[in-house]
Number of protein chains: 2
Amino acid sequence: MKMMTLDEKFLMLQADNAPGQEVRQEAGAIETIIEGKKLGGIPVDFSHGDVDVHPPTPDSDAAWNRGFKKGGCQAYTEYRGALEIRNELAERLGHFTGKPIMAESEIIITPGTQGALFLALGATVSSGTKVAIVEPDYFANRKAVQFFDGEIIPVPLNYEDHSDERGIDLHVLETAFINGAKVFVFSTPNNPTGLVFSKITLNSIAALAEKYNVTVIVDQLYSRMLYEGEDYSHFRSSNSENVKQITLMGPSKTESLSGFRLGVAFGSADVIEKMERLQAIVSLRAAGYSQAALDTWFNEPEGWMSQRIIEHQAIRDELLEIFNGANFETATPQAGSYLFPKLPPLKVDLYTFVKLLRIQARVTVTPGTEFAPQFTSHIRLNFSQDHNAAVDGARRIVKMVEIYSQKTEF
Amino acid sequence: MKMMTLDEKFLMLQADNAPGQEVRQEAGAIETIIEGKKLGGIPVDFSHGDVDVHPPTPDSDAAWNRGFKKGGCQAYTEYRGALEIRNELAERLGHFTGKPIMAESEIIITPGTQGALFLALGATVSSGTKVAIVEPDYFANRKAVQFFDGEIIPVPLNYEDHSDERGIDLHVLETAFINGAKVFVFSTPNNPTGLVFSKITLNSIAALAEKYNVTVIVDQLYSRMLYEGEDYSHFRSSNSENVKQITLMGPSKTESLSGFRLGVAFGSADVIEKMERLQAIVSLRAAGYSQAALDTWFNEPEGWMSQRIIEHQAIRDELLEIFNGANFETATPQAGSYLFPKLPPLKVDLYTFVKLLRIQARVTVTPGTEFAPQFTSHIRLNFSQDHNAAVDGARRIVKMVEIYSQKTEF
C-alpha cells in the first residue's frame, strides 16, 4: 500500500465543509451566481444543534463550579478521568447498556466523543490496517483511519424507509472481514440517517467479529434520543462477550453539553489502556473541571429527557412532511436529531448549492459528501433547533431547490 | 527504517511513570524491601504543581461562567477557537513575544499545551521524518514523534551551572540538520532543568533552521515565570523571519489553569492550518466554555504575577540549598518551577527508589528517564507547592538517599 505524504494527508483532512467551519469559507464568487432575491427569515445553522434553544442539562454549570471549588484533585485527574466519576458513570452506563462496566479498567473519559473516537482508532489502526466503515457514516471515521495510514473497506448502508433490507448487508461485511479488515467502526443510530441497528443485526455482527477476530468500535452517541415506537439494542449486550470492542458515547448532543467537551469510551480493558496511553500525549485528559459536569449525565431530573425527545420528535415529523412533500427522499430517523434528505437534480453542484443556501437563504447545512464521497445529492441537517426556525429553514431549502432545479432550465 | 507495530508503539507509550499517573502503579512488593521506618510529614506530590496553594488566576471561574451564559456561540467555536478570543490573545501574545500575530491565520487554541504539541508534531512529522530533540526535554516530545513513526536525532543539553558552554552544542545541531532532520523541537525554559536559551543561541538556531529548511517547534510554556536577574528571549522575535515555526504556550502552569485544559500555538499560518485540520478529528476544539477563561490570561491583576514569581523563587532557593548541601548536583532553574537533581549512587534502581519515595516518604517525583533514557540518576520536581511542605519533602528525599545510598553497604 502506498502511504500518503503529509501534504496529501492534510489535503484529505481539509475541513472547510465540516460542520461549524463554514465561517472560514470565502463567500466570494457566490454572490455573482445568485438567481432571484435573497430569502428572508431567521438564520438557521443546521450544522449543529442549538444549545440556546435546547439548553444544557440543568445544574451542569453548578456541577462545573463544584468541580472548580474541589481544586487540584479535580484539575489533575488520572489521564483516564477521575476515579470517583468513573465509578458513577460505570454504574449508570452499565445499567443503560445492559452489561456491567469495570470502573477501574474498562472506561475512559475523553475530550468529547470525537476524542474517544480518535483514541479508539489510534489504539487499533496503524499503517496498512484494514478497517470496515459504513457508508454513509460520521466523516471523522474515514478521516481518522486515513490519518493513521489505515485502509478503508466500505460497507454500504441501506437506510431507505419501507425497504425490506434496511441496514448493512452482512455478506458484504463478512467479505470485508475475509479480505482482512481487523477493525469495524459504525454508528447506531447512524449519523447521518438516524437508522438504528436491530438486535438481530448486532448479534450477526458480533458473531462475524468473533469468527474473524475483528475489533468493533460502535458509536452510540445518539442512543438516548429514541423516538416513540422504536427499540434500541446495545452492541455490548448483544452476544459479543468474546469480541474486542469499544462503545463511544457522550453528553454533547441530546444533553447539549458540547461546550464542556466530554465523551466516554468503554469496553475491552486492553484497548482502554492503549487509549489512555495515547491520551497522555494527545491532550493528557478531558478538562478536569468539565469532568465534574458528568455528575448530571444519566442523572437528569425526572421527565427531562422524555420532554426533550417529545420536542425533537415534533420537529422531526414536521420537517419530514416538508421534505417528503417536496419529493426529497428522506428516511425517517429512529433516533437522534439528523435528517439526510436527497435533493432532486440541481443545475449547480452540491458545494455551490450549500454555499448558496448559506448566503441567499441563511440556512447552513452539511454536504452529504462529508459522510461518503458518493453522496453528492444529499445534505445533512441537525434539527435540534427552535421548532419554528427549523420549519422555516426547511421551507427555504425547498424554495432554493425550486430556484436551482434542473427543471427550471428546460 | 523499520516501523514499530502497534503493540510496540503502545509499549513505548507506557505512561505509569508519567507525572500524575503514579496512582495506577501497584505498590505491591515495594513494602517488602523498605529499610527502616516510614517517614512522617505532609504528603507532597512534586509530579505537578499544587493549584490549591497557588490558585488559578483570579476571576478565571467567573470568566468560565460568563462563557457558559453566552451559550451556543461559546460552545461551538471554530475548531481553532473563538475569533474574539484569538483577537485578544494575538494582541497580548504578540506584545509579550515581541512580534505581531495575525489572529485570523496564525494562532490556534488547543486542549492544553500538550494538545498544541501533539498537533504541531502531527502536522510536521510522519513516517520517517527525522526530528532533532533535545535531551533532557519534555517526555511527550519523544513519545509523540515515535507515535507518528518519526525518527529521533538527539541533541544533548549542557545544563550544569558554572559551565562555560551551557546550552546545546550548535555543531551537534547542525550535524543533525545535515543528517536530514526536518523538525527541531525544544523547550525554553527547558523542562526539566529550567535552562533558558540565550538570544545568541536562538539566533544561531534560526540561522541553521533557515539554511537547512527545518521547522522549529519551541515550547515556551514556562516563559513567564522568570527569576530575578534573568533575561528571556523569544524564538519568534529572534532573526527567524524566514523560518517555519510554531511557539507553544498555555496557562496551565504559572497561572494554574490546568483544570481548564487550555493551550495555544502560534506561528506559520500553513502549519496552524494543518493543526486545525488535525484538531477537527482529534477533539474538535478546546472546550468552548473553558476558552472563555483565556480572558484572564496575560490580563492578571497588577502585581499578581510578580508576587507568584517571588513565592516560587523563595521555594527554589531553599530547595537548591537543601539538595546542593547534600551533594545532589542540581542546576539553578532560570525560569519555571522544575528542579532536576542528580542523586548520588543508590543500591536500588531509580524506579524502585521513586516508588520507595512515594510509599515510605510520601513524596512523589518523576523519574529522570521520562526526559531521556540516560537520566537514570535524576528525578524531576515541580516545586510549585506549599513552601514548607516542599522544604520538608526535599529533606525527606535527602533522608531517603541516605538510607538507600550505596555507601551504607560498605
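Residues numbered from 1 in each chain as written. Chains lettered and ligands numbered in written order. Predicted model: local features only at pLDDT ≥ 70, side-chain atom pairs only at ≥ 80, totals over all residues. Heavy atoms only, no water.

## Comments concerning the interface of chain A and chain B
Turning to step 1, where the next piece is worked out: Counting residues at the interface gives 71 residues for chain A and 71 residues for chain B.
Turning to step 2, where the next piece is worked out: Summing the contributions of chain A and of chain B, the shared interface buries around 6,000 Å²; its carbon and sulfur component is 61%.
Turning to step 3, where the next piece is worked out: If you look at where chain A meets chain B, you find two salt bridges.
Turning to step 4, where the next piece is worked out: On the surface where chain A and chain B come into contact, there are 15 residue pairs in polar contact (both at pLDDT 80 or more).
Turning to step 5, where the next piece is worked out: Elements with a minimum of two residues in the side of chain A that touches chain B: helix H1 (6–12), helix H3 (60–70), helix H4 (72–75), helix H6 (112–122), helix H7 (139–147), helix H10 (269–282) and helix H11 (288–291) of chain A. (Contact = heavy atoms within 4.5 Å. Buried area = accessible area lost by both parts, 1.4 Å probe. Salt bridge = Lys/Arg side-chain N within 4 Å of Asp/Glu carboxyl O. Polar contact = N/O pair within 3.5 Å; in protein donor to acceptor, adjacent residues only side chain to side chain. Helix = DSSP H or I, 4+ residues; strand = E, 2+ residues; numbered from the N terminus.)

## Focus on the side chain of B:Asn190
Residue and element names in this part refer to chain B.
Turning to step 1, where the next piece is worked out: Relative to the helices and strands, Asn190 resides in the loop between strand E6 (181–187) and helix H9 (199–212).
Turning to step 2, where the next piece is worked out: Here the side chain of Asn190 touches Pro136 through a polar contact of 3.0 Å, landing on its backbone oxygen.
Turning to step 3, where the next piece is worked out: Beyond its immediate sequence surroundings of up to four residues, Asn190 is in contact with Val134, Pro136, Asp137, Leu157 and Leu195.

## Section: the nonpolar core
Turning to step 1, where the next piece is worked out: Formed by 140 residues in total, the largest nonpolar core has its most connected members in A:Phe177, A:Phe184, A:Met275, B:Phe177, B:Phe184 and B:Met275.
Turning to step 2, where the next piece is worked out: The residues touching A:Phe177, leaving out its near neighbours within four places in the chain, are A:Ala132, A:Phe184, A:Leu208, A:Ala209, A:Tyr212 and A:Val214. (Core = buried A, V, L, I, M, F, W, Y, C linked by side-chain atoms within 4.5 Å. Buried < 20%, exposed > 50% of the residue type's maximum accessible area, 1.4 Å probe, protein only.)

## Brief notes about the relation of the copies chain A and chain B
Turning to step 1, where the next piece is worked out: Relative to chain B, chain A is turned by 180 degrees and slid 0.0 Å along the rotation axis, the superposed coordinates differing by an RMSD of 0.0 Å. Expressed as an axis order, the relation between the two copies is that of a two-fold axis. (Least-squares fit on C-alpha atoms with pLDDT ≥ 70 in both.)

## What about the sheet that holds strand E10 (residues 338–339) of chain B?
All names here are of chain B.
Turning to step 1, where the next piece is worked out: Taking strand neighbours across the sheet as the criterion, the three strands line up as E10-E13-E12 in an open arrangement whose pairing is antiparallel. Each having just a single partner strand, E10 and strand E12 (366–367) make up the two edges of the open sheet.
Turning to step 2, where the next piece is worked out: Here E12 runs beside strand E13 (residues 379–382); their pairing, made up of two bridges, is antiparallel. Within E13, the position partnered with Thr366 by the bridge is Arg380. (Pairing = 2+ DSSP bridges.)

## Some thoughts on the sheet that holds strand E4 (residues 151–158) of chain B
Residues and elements named next belong to chain B.
Turning to step 1, where the next piece is worked out: Strands sit in the order E2-E9-E8-E7-E6-E3-E4-E5 across an open sheet of eight strands; the sheet is mixed. Of all the strands in the sheet, just strand E2 (107–110) and strand E5 (167–168) have a single pairing partner and so form its edges.
Turning to step 2, where the next piece is worked out: In the sheet, strand E3 (residues 130–135) pairs with E4 via six bridges, with the strands oriented parallel. In the sheet register, Ala132 faces E4, and the bridge partner there is Ile153.
Turning to step 3, where the next piece is worked out: H9 contacts E5, E6 and strand E7 (215–219) of the sheet and is inclined by roughly 160 degrees relative to E6. (Axes fitted to C-alpha atoms, helices over the stretch in contact; angles between N-to-C directions.)

## Some points on the environment of B:Gly49
Turning to step 1, where the next piece is worked out: Summarising the element assignment, B:Gly49 is placed in the loop between strand E1 (44–45) and helix H3 (60–70).
Turning to step 2, where the next piece is worked out: Sequence separation between B:Gly49 and B:Ile133 is 84 residues, and the spatial gap between their C-alpha atoms is 25 Å.
Turning to step 3, where the next piece is worked out: Beyond its immediate stretch of four places on either side in the chain, B:Gly49 contacts A:Tyr76, B:Asn382, B:Ser384 and B:Gln385.

## Remarks on the packing of aromatic side chains
All names here are of chain A.
Turning to step 1, where the next piece is worked out: In total, this model carries 53 aromatic pairs over all chains according to the counting rule given.
Turning to step 2, where the next piece is worked out: Their ring planes at 75 degrees and their centres at 6.4 Å tell us that Phe10 and Phe147 sit as a pair that is edge-to-face. In this pair, Phe10 is assigned in helix H1 and Phe147 in helix H7, connecting sequence segments 137 residues apart.
Turning to step 3, where the next piece is worked out: For Phe10, a relative accessible area of 2% puts it in the buried group.
Turning to step 4, where the next piece is worked out: The ring of Tyr227 carries Arg316 above its face, with NZ or CZ at 4.5 Å from the centroid. (Phe/Tyr/Trp six-rings, centres within 6.5 Å; stacked < 30°, edge-to-face > 60°. Lys NZ or Arg CZ within 6 Å of the ring centre and 35° of its normal.)

## Let's talk about the domain arrangement of chain A
Residue and element names in this part refer to chain A.
Turning to step 1, where the next piece is worked out: With domains assigned, chain A is organised as domain 1 (7–55 + 303–403) and domain 2 (60–296).
Turning to step 2, where the next piece is worked out: Each of domain 1 and domain 2 has a C-alpha centre, and these two points are 25 Å apart.
Turning to step 3, where the next piece is worked out: The interface is formed by 41 residues belonging to domain 1 together with 32 residues belonging to domain 2.
Turning to step 4, where the next piece is worked out: Together, the buried faces of domain 1 and domain 2 total about 3,200 Å²; carbon and sulfur atoms form 56% of this surface. (Domains from an automatic or database assignment.)

## Regarding the side chain of A:Gln279
Turning to step 1, where the next piece is worked out: Of note, A:Gln279 is situated in helix H10.
Turning to step 2, where the next piece is worked out: Here A:Gln279 is in contact with A:Tyr79, A:Ile108, A:Ile109, A:Thr110, A:Pro111, A:Leu119, A:Leu284, A:Arg285 and A:Ala286, once residues within four sequence places are set aside.

## Some words on the pattern of salt bridges
In a structure, side chains of opposite charge can pair up when their charged atoms sit close to one another.
Turning to step 1, where the next piece is worked out: For the coordinates displayed, the defined rule picks out 38 salt bridges over all chains.
Turning to step 2, where the next piece is worked out: Measuring nitrogen to oxygen at the nearest pair gives 3.1 Å for the salt bridge that ties A:Glu88 to A:Arg92. Within this pair, A:Glu88 and its partner A:Arg92 are both found in helix H5 (residues 83–97), separated by four residues, close to a single helical turn.
Turning to step 3, where the next piece is worked out: Exposure remark for A:Arg92: the relative accessible area of 15% places this residue in the buried category.
Turning to step 4, where the next piece is worked out: Note that B:Arg86 and B:Glu78 form a salt bridge whose closest N and O atoms lie 2.9 Å from each other. Neither residue differs from the other here; B:Arg86 and B:Glu78 are each classed as buried.

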